[in-house]
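Survey of secondary and tertiary structure
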Amino acid sequence: MSDVNALIGRFFAVCNEADPKRRQELIGETFRADATFVDPLFQASGEAELDSLLAQILTMFPGHVTRQKGETDAHHNVVRFSWEIVPDGDVAIAAGTDFGVIAPDGRFQSITSFFDLVPAGMI
């Protein structure tokens with residue numbers, strides 16, 4: 001489980017990295033080159049689209065942090081974890097649950113995200 005927790009830690013580091021060069025490095029460490037990400041609003045495939053998506057999310061929520069909420073649950077090559085977006089450690093303005101498929105090399109092959117809390121007017 002420690003490898004899974006390290007992967008989840010890198011995922012949140014990617015989500016919060018504003019420096020484009022460092023974010024791209026973290027994406028390469030966290031996702032396979034052909035990885036996919038889908039949620040109710042966005043879809044990305046491959047490192048360039050993932051980087052663009054994450055940059056958009058950072059722009060949508062300036063000054064906010066995406067962090068893990070609760071514990072990670074994993075079996076075989078599948079992981080489930082929850083997250084929240086908070087302004088400087090305050091009350092969450094968005095939250096969700098993600099399901100990831102981990103490739104044999106220990107990086108994400110795919111993530112499917114579901115929203116549990118959405119800011120008004122976002123959907």
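Our structure's up above, just so we're on the same page.
A few words now on the packing of aromatic side chains. Considering all chains together, one arrives at nine aromatic pairs under this definition. Seen in terms of ring centroids, F11 and F81 are 5.2 Å apart; in terms of plane orientation they differ by 70 degrees. Their pairing is edge-to-face. Pair noted here: F11 is in helix α1 (residues 2–16) and F81 is in strand β4 (residues 78–87), with a separation of 70 residues, a long-range link. On the basis of relative accessibility, which here comes to 5%, the residue F11 falls in the buried class. By relative accessible area, which is 1% here, F81 ends up buried. Through a chain of ring-to-ring contacts, three or more aromatic side chains come together here, namely F11, F12, F31, F81 and F108.

To continue, consider the side chain of T66. One can find T66 in strand β3 (residues 64–75). The residues contacting T66, other than those within four sequence positions of it, are F12, C15, N16, W83, E84 and I85.

Here we take up helix α2 (residues 20–30). In an α-helix, one turn spans 3.6 residues; hence positions three or four apart end up facing the same way. R23, L26, I27 and T30 are the residues of α2 that are buried. The arc that holds every buried residue of α2, seen down its axis, measures 105 degrees, which confines them to one face.

Time to look at empty space enclosed by the protein. Evaluated as defined, the whole model comprises two cavities of 30 Å³ or more. In terms of lining residues, the largest cavity is bounded by 25 residues, among which F37, D39, I57, W83 and I85 are the most central. Secondary structure elements with two or more residues in the lining of the largest cavity: α1, β1 (31–38), α3 (46–60), β4, β5 (94–102) and β6 (108–117). If one sorts the elements of the lining of the largest cavity by residue count, α3 sits on top with five residues. The class makeup of the residues in the lining of the largest cavity is 21 nonpolar, two polar and two charged. Counted as a void, the second largest cavity has a volume near 50 Å³. Around the second largest cavity, the lining residues are C15, N16, I57, L58, F61, H64, V65, T66 and I85. Going through the elements one at a time, α1, α3 and β3 are the ones with two or more residues in the lining of the second largest cavity. Element by element, the count of residues in the lining of the second largest cavity is highest for β3, at three residues. Taken together, the residues of the lining of the second largest cavity break down into six nonpolar, three polar and no charged.

On to the packing of α2 against α3, then. Interhelical geometry of α2 versus α3 gives an angle of 125 degrees and a closest axis separation of 10 Å. Comparing the axis directions of α2 and α3 gives the class oblique. The hand of the α2/α3 crossing is right-handed. Contacts between α2 and α3 involve R23, Q24, I27 and G28 from the first element and E47, L50, D51, L54, A55 and L58 from the second. Among the residues making up the contact of α2 with α3, the classes are represented as five nonpolar, two polar and three charged.

Each value, and the rule that gives it
Residues numbered from 1 in each chain as written. Predicted model: local features only at pLDDT ≥ 70, side-chain atom pairs only at ≥ 80, totals over all residues. Heavy atoms only, no water. Phe/Tyr/Trp six-rings, centres within 6.5 Å; stacked < 30°, edge-to-face > 60°. Helix = DSSP H or I, 4+ residues; strand = E, 2+ residues; numbered from the N terminus. Buried < 20%, exposed > 50% of the residue type's maximum accessible area, 1.4 Å probe, protein only. Contact = heavy atoms within 4.5 Å. Arc of directions from axis to C-beta. 1 Å grid on protein atoms, 1.4 Å probe; cavity = no way out; pocket = protein on both sides within 12 Å on 5 of 7 lines; lining within 4 Å. Points joined across faces, edges and corners; volume = space filled by probe spheres on them. Nonpolar A, V, L, I, M, F, W, Y, C, P; charged D, E, K, R; others polar. Axes fitted to C-alpha atoms, helices over the stretch in contact; angles between N-to-C directions. Parallel < 35°, antiparallel > 145°, perpendicular 65-115°, else oblique. Left-handed = near helix turned anticlockwise from the far one by under 90°.

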